[in-house]
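# Descriptive structure summary
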Amino acid sequence: MGRFEAIPFMRQGLDIDPENFVLHWCVGYACALVGRLDDAKLHGAALERIFPGVPCTRQLLSLIDGIEGRGGQALERLTPINIAVLDAHQQFHLAESFIGAGGLERGLDLLE
């Protein structure tokens, strides 16, 4: 598969399980990375409705905020999870969001 051709297949999974946390995050994240921010926001809103406050929900929403130039709002969303104990995968995505929000130093710290 080419670049993000998996998005339609992940969406099919949401037809079967419309409240699947992982699929909403994966589709939202992929859409954000390819600039399909309206789609990313729909999945971010679903996560916020189904799983508010979860680190991955906050990470995706802050990533979208950062891409759209709302660095302050993005950093605010990250504040509650900035000190959480996270695995390496979560730390990578948290670093991404910090960097996108203008928190380069904190993002790089998380990657080290």
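Preceding block: the structure.
Residues numbered from 1 in each chain as written. Predicted model: local features only at pLDDT ≥ 70, side-chain atom pairs only at ≥ 80, totals over all residues. Heavy atoms only, no water.

This part takes up the nonpolar core. Counting 17 residues, the largest nonpolar core has Ile 7, Val 27, Ala 32 and Leu 60 as its most contacted members. Elements with a minimum of two residues in this core: helix 1 (7–16), helix 2 (21–33), helix 3 (37–50) and helix 4 (55–67). Looking at this core element by element, the count peaks at eight residues for helix 2. If we skip the residues at most four places from it in the chain, Ala 32 touches Leu 37, Ala 40, Leu 63, Ile 64 and Ile 67. Listed in part, the seven residues of the second largest apolar core include Ile 81, Leu 86, Leu 94 and Ala 95. (Core = buried A, V, L, I, M, F, W, Y, C linked by side-chain atoms within 4.5 Å. Buried < 20%, exposed > 50% of the residue type's maximum accessible area, 1.4 Å probe, protein only. Helix = DSSP H or I, 4+ residues; strand = E, 2+ residues; numbered from the N terminus. Contact = heavy atoms within 4.5 Å.)

Our next topic: helix 6 (residues 88–100). Along its 13 residues, helix 6 runs 18 Å from first to last C-alpha, staying within 8% of the 18 Å computed at 1.5 Å per residue. Of the positions making up helix 6, those classed as buried are His 93, Leu 94, Ala 95, Glu 96, Ser 97 and Phe 98. Looking at the packing, one finds that the buried side of helix 6 touches helix 2, helix 4, helix 5 (71–78) and helix 7 (104–111). For helix 6, the N-terminal capping position is held by Asp 87, with its side-chain oxygen 3.1 Å away from the main-chain nitrogen of His 89. (Expected span 1.5 Å × (residues − 1). Polar contact = N/O pair within 3.5 Å; in protein donor to acceptor, adjacent residues only side chain to side chain.)

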